[in-house]
Amino acid sequence: MSENIHQGGQSWRMAHLLTPRKVITGLAVLVLAYLFVWPFVMLVIGAFLTTPYGGGEWTLDGFRTVLNDPRALRSTLSSFLFSGLVMVISIAGGLFFAIITSRFKLRFGWLVLPAMVLIACTPRLFYAFAWGMMGNPGSGFAANILRYFDIANPAWLTVYSWPGLVLVSSMKVTAVAYLLLSGPVRLLDRSLEDAAVMCGQTRLRAFFSISLPLLAPSLLAIGMLLFVEGIQVFDFPAVLGSPAGITTLSTLINDFINTDVTPKWGAANALSLVVVVVIALLILLQSRLLGGRDFATVGGKARAADTAEIGKLAVLFDAIIVGFFAVAFVLPFLQILIGSLQPYFGLYTKLTTANYVAVIKDRDTLDALVSSLLISVGGGFLVVTLSFVMIYVMQRSKSRPTVALLKILSWLPATAPGIVLSIAFVWAYLSTPLVRSLYGTPFLMLIALVIAHVPIAARACEGIIVQVSTSLDEAARVSGAGPWRAAAEITARLCTPSLLGAWLLISLAISGALDVVMMLQTTNTQMVATLSYSMFNNGDVAEAAALYVLFIGLLIAFMAALIGLMMLLRTAASGFHWSGKAARPLAMEKTDV
């Protein structure tokens, strides 16, 4: 009898330990660990192996190769120089546009926001292609204009150079800097400047001595973000830098595997580890510099922002706004559109739709077009959904280990450039028996793109979810709803319009992601980014332009449908009510969101 009691006690303890909630939580932790952590573990292990395809030998040759290769030091210096120059120029440009639009009455001030959104949302690879075509010293738009007027094309007039690489990248990143800085600039308390002016200082000196230092946390945080992004970026150096012999860390990692005679997997992994450590240290430095510092710029009696008349100076600022939009967006877009209609790139006398016909008739190209659209749209949805769940649990959970784990996972992919993540995913997938057979399929490319874009979506979801008061969830729980029903029917529904916007931006980012899928593709499973990159490098520039124009057209159609859905949902959300079991409806207009 005692044995039966003992066995019954063990069964009760086992049933208590293996509750459905704990089993689901354990499985979720294992899945997240495999998706987020295992690739980095294999990245470290791969630095000591010769190949990820099995049968590799343990060796330190990868580290020896990196230390003895003169390209390693040169590419490191180039990456830091490129990132630093682009960061400084972009911060200055973004701050300039944020200041003039928030403080002065300008005729074309309204144009800045939509222009910056268009430039920022344009995939980097598309942007690099457009400028690579327009700034081509032999066949580009600028070269043809000079040739028309019998003017010799100067050697310096090319984007395939250090000035061209930095300038093109800076125009793209300036739009991002403006979107990040416009809010902090508009929230500055002007009464502090007014007090300084009353004490005898000029308005310009008051801004630089008072308001600008108050922007220090924003400038520092955004500057570090852009600097890290500059080290990670692959598209601009690959398209515009490589033809000029400019090598950065990301392109060198790719060269170790795809360009060198024998793929050097160990060297690629070793250099990838160095890059991951550097980026992680930069992120920690940013957190250290900003931690505990008080830079409050909005007070309870802050003077309302207004715009001032500046006379003839407004004409100059308007000209700068229109000129920047024309050079940074209109001209590149027109170049790639006209280039797609050329029978051969550089031949402007005859336009044709033959490139579009060739793209549509080619089965491989059409498959890449369809799969890219599905992966971009579906991947964007999965990224936003996963990020929303992770951030919701982080902000609502009282378990410190859970919050810490999810916070680390949401930041971990941000420590690695896309090409490094691509290598890490190769090692992770090939090391897993059941997953190995799926290597080279769109399914694994989708997973890699989802994981790579979680940090961006997670940061967006943090700002979205924090605006929804926890009292709404608590009211739903009191009314009889479970935690996940409350999350789905309260928080998720209120956040839906903003989440749709995040879905759109992430889908655009995925559509132009070249580096993440670089090592995961095969000749039979390619995306538009990888296929157009190969076509561009092989000289099929006009056909590559047609492929990208078709793809962007499909994305714009999706964007229009999504924006229409967002408008409908915003209208519906204004009258949204929720009620639980045997509870009166919760009037949203009486709650604090």
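This is a predicted model, so every value here is computed, not measured. (Residues numbered from 1 in each chain as written. Predicted model: local features only at pLDDT ≥ 70, side-chain atom pairs only at ≥ 80, totals over all residues. Heavy atoms only, no water.)

**Describing the overall build of the chain**
So, point 1. Across its full length, the chain carries 25 helices and two strands.
So, point 2. Considering only residue pairs separated by 6 or more positions, the chain has 77% of its internal contacts joining residues 24 or more positions apart.
So, point 3. About 29,000 Å² of surface is accessible on the chain, with carbon and sulfur atoms providing 68% of the total. (Helix = DSSP H or I, 4+ residues; strand = E, 2+ residues; numbered from the N terminus. Contact = heavy atoms within 4.5 Å. Areas by Shrake-Rupley, 256 points an atom, 1.4 Å probe, with all protein chains shown as cover.)

**Some words on the pattern of salt bridges**
So, point 1. Taken as a whole and assessed by the stated rule, the structure comprises five salt bridges.
So, point 2. In this structure, the salt-bridge partner of Arg-64 is Asp-61, at a minimum N-O distance of 2.7 Å. Of this pair, Arg-64 and Asp-61 both sit in helix H3 (residues 61-68), three residues apart, which is roughly one turn of that helix.
So, point 3. Its relative accessible area of 44% is what places Arg-64 among the partly exposed residues.
So, point 4. The class of Asp-61 is partly exposed, set by a relative accessible area of 42%.
So, point 5. Note that Asp-367 and Arg-363 form a salt bridge whose closest N and O atoms lie 3.2 Å from each other. Remark: Arg-363 and Asp-367 occur in helix H17 (residues 363-396); sequence separation between them is four residues, near one turn of the helix.
So, point 6. The exposure class assigned to Arg-363 is exposed, which follows from its relative accessible area of 61%. (Salt bridge = Lys/Arg side-chain N within 4 Å of Asp/Glu carboxyl O. Buried < 20%, exposed > 50% of the residue type's maximum accessible area, 1.4 Å probe, protein only.)

**Description of a nonpolar patch on the surface**
So, point 1. Nonpolar side chains collect at one region of the surface, where Phe-141, Ile-145, Tyr-148, Phe-149, Ile-151, Val-327, Leu-331, Phe-333, Leu-334 and Leu-337 lie side by side and expose about 890 Å² of accessible area between them.
So, point 2. Broken down by secondary-structure element, the contributors of at least two residues to the nonpolar patch are helix H7 (141-148) and helix H15 (313-340).
So, point 3. Among the elements that line the nonpolar patch, the one with the most residues is H15, at five residues.
So, point 4. Checked against the element boundaries, Tyr-148 lands in helix H7.
So, point 5. On the basis of relative accessible area, Tyr-148 is assigned to the exposed category, the value being 68%. (Patch = residues over 30% accessible without salt bridge, like charges linked within 9 Å, V, L, I, M, F, W, Y side chains within 5 Å.)

**Some details on the nonpolar core**
If you look at soluble globular proteins, the nonpolar side chains tend to sit buried side by side.
So, point 1. Among the nonpolar cores identified, the biggest contains 167 residues, and Ile-423 and Tyr-548 are the most heavily contacted of them.
So, point 2. If we ignore the near neighbours within four places in the chain, the residues touching Tyr-548 are Pro-123, Leu-125, Phe-126, Phe-129, Ser-511, Gly-512, Val-528, Ala-529 and Ser-532. (Core = buried A, V, L, I, M, F, W, Y, C linked by side-chain atoms within 4.5 Å.)

**Some remarks on the side chain of Ser-376**
So, point 1. Relative to the elements of secondary structure, Ser-376 occurs in helix H17.
So, point 2. A polar atom in the side chain of Ser-376 sits 2.7 Å from the backbone oxygen of Ser-372.
So, point 3. For Ser-376, the contacting residues outside a window of four places in its chain are Ser-507, Ile-510, Ser-511 and Phe-551. (Polar contact = N/O pair within 3.5 Å; in protein donor to acceptor, adjacent residues only side chain to side chain.)

**Regarding the packing of helix H4 (residues 70-103) against helix H11 (residues 216-232)**
So, point 1. Running from amino to carboxyl end, H4 crosses H11 at an angle of 140 degrees, the nearest separation of the two axes being 8 Å. Judged by the angle between their axes, H4 and H11 are oblique. Remark: the crossing between H4 and H11 carries right-handed chirality. Across the interface between the two elements, Phe-80, Phe-82, Ser-83, Gly-84, Met-87, Ser-90 and Ile-91 of H4 pack against Leu-219, Ile-222, Gly-223, Leu-226, Phe-227, Gly-230 and Ile-231 of H11.
So, point 2. Across the contact of H4 with H11, the residue classes tally to nine nonpolar, five polar and no charged. (Axes fitted to C-alpha atoms, helices over the stretch in contact; angles between N-to-C directions. Parallel < 35°, antiparallel > 145°, perpendicular 65-115°, else oblique. Left-handed = near helix turned anticlockwise from the far one by under 90°. Nonpolar A, V, L, I, M, F, W, Y, C, P; charged D, E, K, R; others polar.)

**Some thoughts on the packing of aromatic side chains**
By convention here, two paired aromatic rings are described through the distance between centres and the angle between planes.
So, point 1. For the structure shown, the criterion picks out 17 aromatic pairs.
So, point 2. Between Phe-96 and Phe-97, the aromatic rings sit 5.4 Å apart at their centres with planes inclined by 70 degrees, giving edge-to-face as the arrangement.
So, point 3. Of the residues examined, Phe-96 reaches a relative accessible area of 28% and is grouped as partly exposed.
So, point 4. By way of ring pairs, the aromatic residues Phe-96, Phe-97, Phe-104, Phe-317 and Phe-324 are connected into one cluster.
So, point 5. Of note, Lys-172 hangs over the ring of Tyr-127, and the distance from its end group to the ring centre comes to 6.0 Å. (Phe/Tyr/Trp six-rings, centres within 6.5 Å; stacked < 30°, edge-to-face > 60°. Lys NZ or Arg CZ within 6 Å of the ring centre and 35° of its normal.)

**Let's talk about helix H19 (residues 418-430)**
So, point 1. In a regular helix each residue adds 1.5 Å, so 13 residues correspond to 18 Å; H19 covers 18 Å between its end C-alpha atoms and thus fits that length.
So, point 2. Taken across its 13 residues, H19 has 13 buried, putting it largely inside the fold. (Expected span 1.5 Å × (residues − 1).)

**Description of the packing of helix H6 (residues 124-134) against helix H24 (residues 528-537)**
So, point 1. Contact pair H6 / H24: the axes reach a minimum separation of 11 Å and the direction vectors enclose 15 degrees. When the interaxial angle is binned, H6 and H24 end up roughly parallel. Considering how the two elements wind past one another, H6 and H24 form a crossing that is left-handed. Where H6 approaches H24, its residues Leu-125, Phe-129, Gly-132 and Met-133 are matched on the opposing element by Ala-529, Ser-532, Tyr-533 and Phe-536.
So, point 2. The class makeup of the residues in the contact of H6 with H24 is six nonpolar, two polar and no charged.

**Considering the environment of Ala-448**
So, point 1. Residue placement: Ala-448 occurs in helix H21 (residues 442-465).
So, point 2. A relative accessible area of 0% means that Ala-448 is categorised as buried.
So, point 3. Taking the C-alpha atoms as reference, Ala-448 lies 7.4 Å from Val-517; in sequence the two are 69 residues apart.

**Digging into H17**
The α-helix advances 3.6 residues per turn, and as a result positions three or four apart in sequence lie on the same side.
So, point 1. Between the first and last C-alpha of H17 there are 48 Å, a value that for 34 residues agrees with the 50 Å anticipated at 1.5 Å per step.
So, point 2. The N-terminus of H17 is capped by Asp-362, whose side-chain oxygen sits 3.1 Å from the backbone nitrogen of Asp-364.

**Description of the confidence of the model for the chain**
So, point 1. When pLDDT is averaged along the chain, the result is 80, and 84% of the positions lie at 70 or above.
So, point 2. Scored below 50 in pLDDT, residues 292-304 makes 16 contacts in the model with residues more than four places away or belonging to other chains.
So, point 3. Overall, residues 576-593 carries pLDDT values under 50, and its contacts beyond four positions in sequence, including any with other chains, amount to 34 contacts. (pLDDT = per-residue confidence, 0-100.)

**Regarding the side chain of Ser-250**
So, point 1. On the secondary structure map, Ser-250 appears in helix H13 (residues 249-259).
So, point 2. The class of Ser-250 is buried, set by a relative accessible area of 1%.
So, point 3. A distance of 3.1 Å separates the side chain of Ser-250 from the backbone oxygen of Gln-232, its partner in a polar contact.
So, point 4. Beyond its immediate chain neighbours, meaning those up to four positions away, Ser-250 contacts Ile-231, Gln-232, Val-233, Phe-234, Pro-417 and Ile-419.

**What to know about the environment of Ser-387**
So, point 1. Within the secondary structure layout, Ser-387 lies in helix H17.
So, point 2. Each C-alpha atom of the pair Ser-387 and Arg-459 lies 8.6 Å from the other, and the pair is 72 residues apart in sequence.

**A short note on the state of the cysteines**
So, point 1. What the rule picks out here adds up to zero disulfides.
So, point 2. The structure places no disulfide on Cys-461, whose sulfur is separated from the nearest cysteine sulfur, that of Cys-495, by 8.1 Å. (Disulfide = S-S within 2.5 Å.)

**Observations regarding the environment of Asn-269**
So, point 1. Its place among the elements puts Asn-269 in helix H14 (residues 265-290).
So, point 2. Between the alpha carbons of Asn-269 and Ala-424 there is a distance of 8.2 Å; along the sequence they are 155 residues apart.
So, point 3. Setting aside anything within four residues of it in sequence, one finds Asn-269 in contact with Met-42, Leu-43, Gly-46, Ala-47, Ile-423 and Trp-427.

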